[in-house]
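So the chains spell out like this:
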Amino acid sequence: METRSITAEVPMVPRMSEDPGQLVPELAEVSAALFRATGNGSVPRGTISLVQLRAGQIVGSTYLTVLHTGFLNKAGESEERIASVASWQDSPYFTGAERAALALVEAVLQPSAHGERVSDELYARVSEHFDARALTTLMFAIGQVNFFIAVALVAKPVPGRSFSDPWK
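Scope of this entry: the structure provided in the associated data block. (Residues numbered from 1 in each chain as written. Predicted model: local features only at pLDDT ≥ 70, side-chain atom pairs only at ≥ 80, totals over all residues. Heavy atoms only, no water.)

**Focus on the side chain of Glu106**
Note the cut-off: The helix count covers DSSP runs of H or I at least four residues long, the strand count covers runs of E at least two residues long, and both are numbered beginning at the N terminus. Here, residues are in contact when the closest pair of their heavy atoms is within 4.5 Å.
Among the secondary structure elements, Glu106 is positioned in helix H6 (residues 96-109). If we skip the residues at most four places from it in the chain, Glu106 touches Arg54, Ile58, Trp88 and Gln89.

**Quick notes on the side chain of Ser84**
Structurally, Ser84 is set in the loop between helix H5 (79-83) and H6. Not counting chain neighbours up to four residues away, the residues in contact with Ser84 comprise Ser91, Tyr93 and Phe94.

**Some details on the packing of aromatic side chains**
Selection rule: In summary, the pairing rule links any two rings of Phe, Tyr or Trp, Trp by its six-membered ring, whose centres are within 6.5 Å, and it sorts them by plane angle into stacked for under 30 degrees, edge-to-face for over 60 and tilted for everything else.
Tallied over the entire structure, the rule returns 1 aromatic pair. Taken together, a centroid distance of 5.0 Å and an interplanar angle of 85° make the contact between Phe147 and Phe148 edge-to-face.

**Let's talk about the packing of H6 against helix H8 (residues 132-154)**
To keep it simple, the criterion reads: For every element, the axis is a line fit to its C-alpha atoms; helices are fit only across the contacting stretch, and the angle between N-to-C directions ranges from 0 to 180 degrees. Throughout, the term roughly parallel applies to angles under 35 degrees, roughly antiparallel to angles over 145, roughly perpendicular to angles from 65 to 115, and oblique to all others. Crossing handedness is read from the near helix: turned anticlockwise from the far helix by less than a right angle, it gives a left-handed crossing, and turned clockwise, a right-handed one. Each residue receives one of three labels: charged for Asp, Glu, Lys and Arg, nonpolar for Ala, Val, Leu, Ile, Met, Phe, Trp, Tyr, Cys and Pro, and polar for the others, Gly being one of them.
Direction vectors running N to C along H6 and H8 enclose 45°, while the axes themselves pass 11 Å from each other. When the axes of H6 and H8 are compared, the pair comes out oblique. Our pair here, H6 against H8, has a crossing hand that is right-handed. Facing H6, whose interface residues are Ala101, Leu104, Val105, Val108 and Leu109, H8 presents Leu135, Leu138, Ile142, Asn146 and Ile149. Residues of the contact of H6 with H8, tallied by class, amount to 9 nonpolar, 1 polar and no charged.

Listed below in structure tokens is the structure:
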């Protein structure tokens, strides 16, 4: 496998030149359904965006990181909160509920050397902040970003371009 030098410039073109949504138009329905499910109001949109930004950071996707940073900027989130998502554990900018949600996305996306990724203890902590509907919505929000992680890592859309047009 070829490894890129750390000093090599990264091209501003997608790896996959054709839009996956054009190739498989049914994806639009799935995407819209996921957005509706996570937008049901049981979890604040800002919390969902924080979780999805953290997911992009964890998997090393510049596209998802830039996308969700942009969503948070447009929603009026402070630079301090956005910048400290990667180090949320020692940041003073997050609520208990947001911390629980960030801990959950990390547990889901990162392997655990100690057994189960989502421990009973973590589940209990998250359940203190989210009722059953909100916790289910949060699970779907993590699933929603996971749905797009494969696209972001395999097809490599261009970071910073419009969400609907990263393929040109």
